[in-house]
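So the chains spell out like this:
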Amino acid sequence: MHRFALLLALFALLSGCASQRVADDGYSAEGRASYYGARHHGKKTASGERFDQHALTAAHRSLPFGSRVRVTNLRNDKTVVVRINDRGPYARGRIIDLSKAAAARLDMLRAGVVPVRVQQLAD
């Protein structure tokens, strides 16, 4: 019984990963990403929810709230999927602001700002 539950959980995890395909007509861009964390933790985002630096979320200037995007660090090819829940970035030349957790997944905490590719995922 325990093996069956484990197998079922593994299948659910794998099927969830397979469903993350890039939207054919969705947003795609390359530019620079930064992250924001402790100073903003707990404050309201533009969507009305509280910012959680430990969640996989991001700020984008125009994508609809709730959109999911795949962000790829072009220096090391690491990727993360985040949900848009805020507006920004407001710094010139940047296309997305990531939560600290998302930045950690991309291994960009030390650099602070890195070149990325942002691709909107299909619903």
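Residues numbered from 1 in each chain as written. Predicted model: local features only at pLDDT ≥ 70, side-chain atom pairs only at ≥ 80, totals over all residues. Heavy atoms only, no water.

Per an unreviewed UniProt entry, the chain goes by Endolytic peptidoglycan transglycosylase RlpA and derives from Pseudomonas lalucatii. Looking at the chain in UniProt, the text filed under Sequence similarities (unreviewed entry) is "Belongs to the RlpA family." Taken verbatim from the UniProt record of the chain, the Subcellular location (unreviewed entry) comment is "Cell membrane". (UniProt positions renumbered as here; feature names shortened; annotations may be inferred.)

Another point: the overall build of the chain. For the chain, the helix and strand inventory stands at two helices and six strands. What you see in the chain, going N to C, is helices and strands ordered as α-β-β-β-β-β-α-β. Burial statistics for the chain: of 123 residues in total, 38% are counted as buried. Contacts in the chain between residues far apart in sequence, at least 24 positions, make up 72% of those at least 6 positions apart. By element, 53% of the accessible surface of the chain is carried by carbon and sulfur atoms, the whole surface being about 7,600 Å². (Helix = DSSP H or I, 4+ residues; strand = E, 2+ residues; numbered from the N terminus. Buried < 20%, exposed > 50% of the residue type's maximum accessible area, 1.4 Å probe, protein only. Contact = heavy atoms within 4.5 Å. Areas by Shrake-Rupley, 256 points an atom, 1.4 Å probe, with all protein chains shown as cover.)

The next subject is the packing of aromatic side chains. Overall, the coordinates contain one aromatic pair when judged by the stated rule. A ring pair is formed by Y36 and F51, whose centres lie 4.5 Å apart and whose planes are at 10 degrees; its orientation type is stacked. Here the residue Y36 occupies a position in strand β1 (residues 28-36), and F51 occupies one in the loop between β1 and β2 (57-59), the gap between them amounting to 15 residues. One exposure class covers both Y36 and F51, and it is buried. (Phe/Tyr/Trp six-rings, centres within 6.5 Å; stacked < 30°, edge-to-face > 60°.)

Before going further, it helps to examine the confidence of the model for the chain. Counting all residues, the mean pLDDT for the chain is 86, and 80% of those residues have values of 70 or more. Per-element confidence in the chain is highest for strand β3 (residues 68-73), whose mean pLDDT is 98, and lowest for helix α1 (residues 2-18), whose mean pLDDT is 47. A low-confidence stretch, residues 6-18 (pLDDT under 50), is modelled with zero contacts involving residues beyond four sequence positions or located in other chains. (pLDDT = per-residue confidence, 0-100.)

To continue, consider the nonpolar core. Ranked by size, the top nonpolar core spans 19 residues in total, and within it V69, V71, V82, I96, L98, V116 and V118 carry the most contacts. Setting aside anything within four residues of it in sequence, one finds V116 in contact with A29, E30, G31, R32, A33, V71, T72, N73, L74, I95 and I96. (Core = buried A, V, L, I, M, F, W, Y, C linked by side-chain atoms within 4.5 Å.)

Attention shifts here to the sheet that holds β3. With mixed pairing, the six strands of this closed barrel are ordered in space as β1-β5-β2-β4-β3-β6. Ignoring strand direction, the axes of neighbouring strands in this sheet form an average angle of 45 degrees. Relative to strand β6 (residues 114-120), β1 runs antiparallel, the two being bridged by six bridges. Following the sheet pairing, A33 is matched in β6 by V114. (Pairing = 2+ DSSP bridges. Axes fitted to C-alpha atoms, helices over the stretch in contact; angles between N-to-C directions.)

Summed over all chains, the structure comprises three salt bridges. Residue R117 pairs with E30 through a salt bridge whose shortest N-O separation is 3.2 Å. Remark: E30 occurs in strand β1 and R117 occurs in strand β6; sequence separation between them is 87 residues. The partly exposed category is assigned to R117, whose relative accessible area is 28%. Judged by relative accessible area, E30 falls into the exposed class, the value being 51%. (Salt bridge = Lys/Arg side-chain N within 4 Å of Asp/Glu carboxyl O.)

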